[in-house]
Amino acid sequence: MIALARDPYRPRTPIIGMTMVFLALAIVGVTAYLHLGWWSLLGYAAAAVVAVVGGWLLFKDVPEPPHSGPGASR
């Protein structure tokens, strides 16, 4: 049997994602404070990309809830 290599960053993935979300909030804050006109669009776009990637890293390991109830198939 072949043993697969473990990802050394797996336990830290939610922390990295949360840090990226806070980084996106900081980017928006600095961009809004500087108010550089059209250049602010680049700051907001970068913050959006960082927030989406950070949110994905934050919630990617959350297990899918069990499907039970009237619409669930058995």
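Everything below is about the structure shown above.
Bear in mind the structure is a predicted one, so any value in this text is a computation, not a measurement.

Thresholds, definitions, all that
Residues numbered from 1 in each chain as written. Predicted model: local features only at pLDDT ≥ 70, side-chain atom pairs only at ≥ 80, totals over all residues. Heavy atoms only, no water. Helix = DSSP H or I, 4+ residues; strand = E, 2+ residues; numbered from the N terminus. Expected span 1.5 Å × (residues − 1). Buried < 20%, exposed > 50% of the residue type's maximum accessible area, 1.4 Å probe, protein only. Arc of directions from axis to C-beta. Contact = heavy atoms within 4.5 Å.

Q: Quick rundown of helix 2 (residues 39–59)? Include the residues and the values.
A: In an α-helix, one turn spans 3.6 residues, which is why side chains three or four residues apart end up on the same side. If you check helix 2, its first and last C-alpha atoms are 31 Å apart, about what 21 residues at 1.5 Å a residue would give, namely 30 Å. Among the residues making up helix 2, those that are buried are Ser40, Gly43, Ala47, Val50, Gly54 and Leu57. Down the axis, helix 2 shows its buried residues gathered within 115 degrees of arc, on one side only. More than 90 degrees from the buried face of helix 2, the exposed residues found are Leu41, Leu42, Val49, Val52, Trp56 and Phe59. Lining the buried residues of helix 2 we find helix 1 (13–34).

Q: Break down the environment of Ala26 for me, with residues and values.
A: Within the secondary structure layout, Ala26 lies in helix 1. For the pair Ala26 and Ala47, spaced 21 residues apart in sequence, the C-alpha to C-alpha distance is 8.4 Å.

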